[in-house]
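Okay, here's what each chain looks like letter by letter:
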Amino acid sequence: DAGVTQSPTHLIKTRGQQVTLRCSPKSGHDTVSWYQQALGQGPQFIFQYYEEEERQRGNFPDRFSGHQFPNYSSELNVNALLLGDSALYLCASSLFADQGDTQYFGPGTRLTVL
Amino acid sequence: SQKIEQNSEALNIQEGKTATLTCNYTNYSPAYLQWYRQDPGRGPVFLLLIRENEKEKRKERLKVTFDTTLKQSLFHITASQPADSATYLCAPQGAGGTSYGKLTFGQGTILTVHP
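Calculation criteria
- Per-chain numbering applies: the sequence of each chain, read as written, is numbered from 1 onward.
- Following the order in which they are written, the chains are lettered starting with A and the ligands numbered starting with 1.
- Per-residue local features are limited, in this predicted model, to residues with pLDDT of at least 70; the limit for side-chain atom pairs, both in listing and counting, is 80 or more; totals at the level of whole chains, interfaces and linings are taken over all residues.
- Side-chain measures here rest on the full set of heavy atoms in the structure, leaving out hydrogens and waters.
- The definition of a nonpolar core used throughout is a set of buried Ala, Val, Leu, Ile, Met, Phe, Trp, Tyr and Cys residues joined through side-chain atoms within 4.5 Å.
- Classification of residues uses two cut-offs on accessible area relative to the type maximum, computed with a 1.4 Å probe and protein chains only: under 20% is buried, over 50% is exposed, and between them is partly exposed.
- Put simply, DSSP marks the helices as runs of H or I at least four residues long and the strands as runs of E at least two long, and each gets a number from the N terminus on.
- Note on contacts: a residue pair qualifies if any of its non-hydrogen atoms lie within 4.5 Å across the two residues.
- Any two strands between which DSSP finds at least two bridges are classified as paired.
- Comment: axis = line fitted to C-alpha atoms, over the contacting stretch for helices; angle = value between 0 and 180 degrees taken between N-to-C directions.

(A) Fine view of the nonpolar core. Formed by 23 residues in total, the largest nonpolar core has its most connected members in Leu 33, Trp 35, Phe 75, Tyr 88 and Leu 111 of chain B. For this core, the elements supplying multiple residues, two or more each, are strand S2 (10-14), strand S3 (19-26), strand S4 (32-38), strand S5 (45-51), strand S7 (62-67), strand S8 (72-77), strand S9 (86-93) and strand S10 (109-114) of chain B. Broken down by element, this core gets its largest block of residues, four residues, from S3 of chain B. Aside from chain neighbours lying at most four places away, what touches Leu 33 of chain B is Cys 23, Tyr 25, Leu 48, Leu 49, Ile 50, Phe 66, Ser 73, Cys 90, Ala 91 and Pro 92 of chain B. Of all hydrophobic cores here, the second largest spans 20 residues; its members include Leu 76, Val 78, Cys 91 and Leu 111 of chain A.

Have a look at this one:
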């Protein structure tokens with residue numbers, strides 16, 4: 001049973017560029033959430049996708065956008081990259097129907113913006 | 001605004017002792033509280049979930065308490081081992097509505113267990 005997978009593992013971009021990160025949820029899960037984790041901080045919720053729609057959003061600007069595909073996989077797009085966007089980006093999957101659901105996290109994508 | 005504080009950034013203990021980590025929250029009425037473990041460069045791994053109507057929950061050497069009056073959760077690791085060294089994150093969570101599926105994490109406590 002495959003867990004949550006993310007690609008790429010590492011990424012280096014320059015300011016102003018755009019980036020796309022990818023996530024495949026754990027088998028059987030239908031919901032994908034994205035988090036940003038700066039060094040020394042806890043993960044911060046970006047948004048959540050279910051049924052190909054954004055269901056919840058954290059306090060992130062519109063430069064952060066996402067998409068969920070019919071197979072439940074998801075993409076996170078960040079436009080006009082800033083130095084402050086450098087972080088570990090985590091994808092987590094869960095079952096929408098489960099209240100108090102635990103989330104299964106992927107290994108993350110380390111984004112460095114120069 | 002909602003605030004989550006974990007007791008200290010780092011906790012150092014001797015192998016075999018009990019590690020106690022604290023999670024305090026304000027402006028919050030969580031229906032659940034989850035604890036996760038995170039190793040360097042890896043994603044968090046779920047450990048335990050406790051509901052607001054549960055006072056205590058155990059899993060092997062782990063124990064979590066949830067005091068909604070004090071707005072606090074304690075996370076204990078008994079008979080600690082060097083392999084328990086990691087960052088531990090707490091995440092209080094509301095039930096339904098805008099809280100559903102949206103975990104808000106504390107900053108984490110780095111636990112180091114010395115042999």
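Picking up after the structure, the text goes on.
(B) Here's a closer look at the side chain of Ser 73 of chain A. Here Ser 73 of chain A shows up in the loop between strand S7 (64-68) and strand S8 (74-78). Once you skip the residues sitting within four places of it in the chain, Ser 73 of chain A turns out to touch Cys 23, Ser 24, Pro 25, His 67 and Gln 68 of chain A.

(C) Molecular detail of the sheet that holds strand S1 (residues 5-7) of chain A. Residues and elements named next belong to chain A. Pairing is antiparallel across the open sheet formed by four strands, whose spatial order is S1-S3-S8-S7. Of all strands in the sheet, those with a lone pairing partner are S1 and S7, marking the two edges. The average angle at which neighbouring strand axes cross in this sheet is 20°, direction not considered.

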